[in-house]
Amino acid sequence: RKVAIIGGGITGSAACRRLSKCPDLHIHIFDQGRRGVGGRTSSRKYDVRDGNDKAATIRFDHGCQFFRADTDRFKKIVNEWIEKDYVSEWNGDFRSSIKQEHEFFGLPSTGPFYVSNDGMQTLSKNILSDASENTHVRIHAGVRVAQLNRDTVTKKWKLIGTSGEAAYHDTDEKLQEDDQRNVIGEESGYDAVILTDISSSFGGWHRASAGVPDSFSTAVRNRVGARVPLLTAMIAFDTATAIPFDAASFDHPVVWFAAKTSSKPQMKTDKECWTIVSTAAYACDKIEETPMQDPKTGEFIPQSPDYLTTVPGPDLLRAFEEIVCDKAGILGNDALTNLPKHVFMDAQRWGSALPCHRHLRHESSTRKVLSGVPYDSGLHPLAPTRIEEDSKSFLADDDLALYQAGDMMSNYTPGMEGAALSGIDAAEHLLAQLGLND
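Computed from a predicted structure; not experimentally measured. (Residues numbered from 1 in each chain as written. Predicted model: local features only at pLDDT ≥ 70, side-chain atom pairs only at ≥ 80, totals over all residues. Heavy atoms only, no water.)

Attention now goes to the overall build of the protein chain. Across its full length, the protein chain carries nine helices and 21 strands. What you see for the protein chain is a C-alpha radius of gyration of 21 Å, in line with the 22 Å of a compact globule of 438 residues. Along the three orthogonal principal directions, the C-alpha set of the protein chain runs to about 70 × 50 × 50 Å. Each of the 438 residues in the protein chain was classed as buried or not, and the buried ones make up 61%. Carbon and sulfur atoms make up 45% of the accessible area of the protein chain, which amounts to about 17900 Å² in all. (Helix = DSSP H or I, 4+ residues; strand = E, 2+ residues; numbered from the N terminus. Rg over C-alpha atoms; globule rule 2.2 N^0.38 Å. Buried < 20%, exposed > 50% of the residue type's maximum accessible area, 1.4 Å probe, protein only. Areas by Shrake-Rupley, 256 points an atom, 1.4 Å probe, with all protein chains shown as cover.)

This paragraph deals with the side chain of Gln 404. Here Gln 404 is to be found in strand S21 (residues 402–404). By relative accessible area, which is 1% here, Gln 404 ends up buried.

As a further point, take the nonpolar core. Soluble, globular proteins show a tendency: their nonpolar side chains are buried together. Membership of the largest hydrophobic core comes to 47 residues, with the highest contact counts inside it found for Ile 5, Leu 19, Leu 25, Leu 148 and Leu 159. For this core, the element with the highest residue contribution is helix H9 (residues 416–434), accounting for five residues. Apart from the residues within four sequence positions on either side, Leu 159 is in contact with Ala 4, Phe 30, Val 145, Gln 147, Leu 148, Asn 182, Val 183, Ile 184, Tyr 190 and Val 193. Core analysis: the second largest hydrophobic core is formed by 43 residues, Phe 104, Phe 113, Leu 123 and Ala 247 among them. (Core = buried A, V, L, I, M, F, W, Y, C linked by side-chain atoms within 4.5 Å. Contact = heavy atoms within 4.5 Å.)

Before going further, it helps to examine the pattern of salt bridges. Going through the model one piece at a time under the given rule, you end up with 21 salt bridges. Between Glu 80 and Arg 17 there is a salt bridge whose closest N-O contact spans 2.6 Å. Taken together, the residues span a long stretch of sequence, with Glu 80 in helix H2 (residues 72–83) and Arg 17 in helix H1 (residues 10–19) at a distance of 63 residues. A residue is classified by how much of its surface remains accessible, and Glu 80, at 29% relative accessible area, is partly exposed. (Salt bridge = Lys/Arg side-chain N within 4 Å of Asp/Glu carboxyl O.)

With that settled, consider unusual backbone geometry. At the junction of Gly 111 and Pro 112, the peptide bond is cis and its omega measures out at 0° in the coordinates. Within the element layout of this structure, Pro 112 appears in the loop between strand S6 (94–96) and strand S7 (114–116). Residue Asp 118 is not a glycine yet carries a positive backbone phi of 70°. Its place among the elements puts Asp 118 in the loop between S7 and helix H3 (121–131). A positive phi angle, near 65°, is found at Lys 155, a position not held by glycine. Its relative accessible area of 46% is what places Lys 155 among the partly exposed residues.

Note that an α-helix has 3.6 residues per turn; residues three or four places apart therefore point the same way. Across the ten residues that make up H1, a large majority, ten, are buried. Looking only at H1, the buried set comprises Ile 10, Thr 11, Gly 12, Ser 13, Ala 14, Ala 15, Cys 16, Arg 17, Arg 18 and Leu 19.

Turning to the sheet that holds strand S9 (residues 143–150), a few remarks are in order. Reading across the sheet, the three strands line up as S9-S10-S11 and stay open at both edges, with antiparallel pairing between neighbours. The open sheet is flanked by S9 and strand S11 (182–184), the only strands paired with a single partner. In this sheet, neighbouring strand axes are inclined to one another by 50° on average, regardless of whether the strands run parallel or antiparallel. Judged from the seven bridges that link them, S9 and strand S10 (residues 157–163) form a sheet pairing that is antiparallel. Note on S10: the bridge partner recorded for Asn 149 is Lys 158. (Pairing = 2+ DSSP bridges. Axes fitted to C-alpha atoms, helices over the stretch in contact; angles between N-to-C directions.)

Let us now look at empty space enclosed by the protein. Scanning the entire structure with this criterion turns up one cavity of 30 Å³ or more. If you add up the space inside the largest cavity, you get close to 90 Å³. Around the largest cavity, the lining comprises twelve residues; the ones closest to its centre are Val 228, Leu 354, His 357, Gly 378 and His 380. In terms of residue class, the lining of the largest cavity is made up of nine nonpolar, three polar and no charged. (1 Å grid on protein atoms, 1.4 Å probe; cavity = no way out; pocket = protein on both sides within 12 Å on 5 of 7 lines; lining within 4 Å. Points joined across faces, edges and corners; volume = space filled by probe spheres on them. Nonpolar A, V, L, I, M, F, W, Y, C, P; charged D, E, K, R; others polar.)

If you trace the six strands from one edge of the open sheet to the other, you get S8-S2-S1-S12-S21-S20, paired in mixed fashion. Both edges of this open sheet fall to strand S8 (137–141) and strand S20 (395–397), since each of them pairs with a single strand only. The mean inter-strand angle of the sheet, taken between neighbouring strand axes irrespective of direction, is 15°. Examined bridge by bridge, strand S1 (residues 2–6) and strand S12 (residues 192–195) share four bridges and lie parallel to one another. In the sheet register, Ile 6 faces S12, and the bridge partner there is Leu 195.

We now examine the pairing of strand S13 (residues 227–237). With eleven of eleven residues buried, S13 lies mostly within the body of the structure. Side-chain alternation along S13 places Arg 227, Pro 229, Leu 231, Ala 233, Ile 235 and Phe 237 on one buried face and Val 228, Leu 230, Thr 232, Met 234 and Ala 236 on a second face that is also buried. Two strands pair when backbone bridges link them, and S13 and strand S17 (residues 342–355) are joined in this way by ten bridges, in the antiparallel orientation. Paired with Leu 231 across the two strands is Arg 349, which belongs to S17. With six bridges connecting them, S13 and strand S16 (residues 272–278) associate as antiparallel partners. Considered in S16, the bridge of Ala 233 is made with Ile 276.

Below you can see the structure in the form of structure tokens.
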């Protein structure tokens, strides 16, 4: 039997890890990330010139900043990762100026907090590296699945897609028009498909759409309800900032969280680097101002580096400086006079950073529909991780042999833990449906 997993983030990696224990199953993972697998557990590395024109290497976790292990199931898995030196507990000077129930994934009140050694992205890479030691696991990196076609006779799913520059999420639309789509992966098709990126069920206008059947994509969208967008800025300063904390949650209209790269285990960098995370309310406003879909042509609008480094990037940096230089703010009388000059800035738009809570699926005063997509900017507790709804942690259509997993489908509190458990649960359900054992 052959299974395709679309998406190599933590959900796809966790699903692959579980399925790979079955020797009778061939597993193919397809991931369209420009920098490899990882999804929202992504890291970036840049080589830049500092203020003295000296070469410097800088690094950031620009998506998921850390995770917790609140459930017994996930604690066991995380302990295995710690033993393998994939993961370490993140200890540092953590602070907050916001109500505990509104802290960024429970930091600093609800520890312990864990990070992947040498950057968050390495966790998915290590999990999949372990799994691919089995000859029945294959990883297709830099490949975008654009269409799923089911053979009416064999009932197998054939994947149509592209690779190279045209596969990436931020590629110019003109380049996309010329891409050549072909059958990718197994020519004869797959017995089942696990999708892990919620954007797979967007309409064909979206770059990450996988062309799933309407009945399935409708069920996915109905289960999600709304998603929470975030923007992140990556800032490297020429000299040390004198900021005394390593990470903090903020009560601010623009910035929700910030973390210093070098405070994380094995994240060495030549300059002081910070990842600044926006509030969902700010991200919603920016998406409304600069949508992801052209209202006239319906075409996808990729995030432009020019836009990211002239609008959200500077906005987040200014807000962060305001926070640490305000004597009425988080540092009180120890507030800084100013921040040093920065030598690098980049930013990222996470349109589907996390799902809204299950109880907000149907009604919410903080919901906006933008380009036909519901977004929610409300603040609700993100720690500890618990079951929020009496349902499965994934969506299944056993007749079609299609499965959607991830935090957007999970019945757990939004976050990485719920995403990983969703992938594992979907994998175990699929093994039962195929009549396969470890």
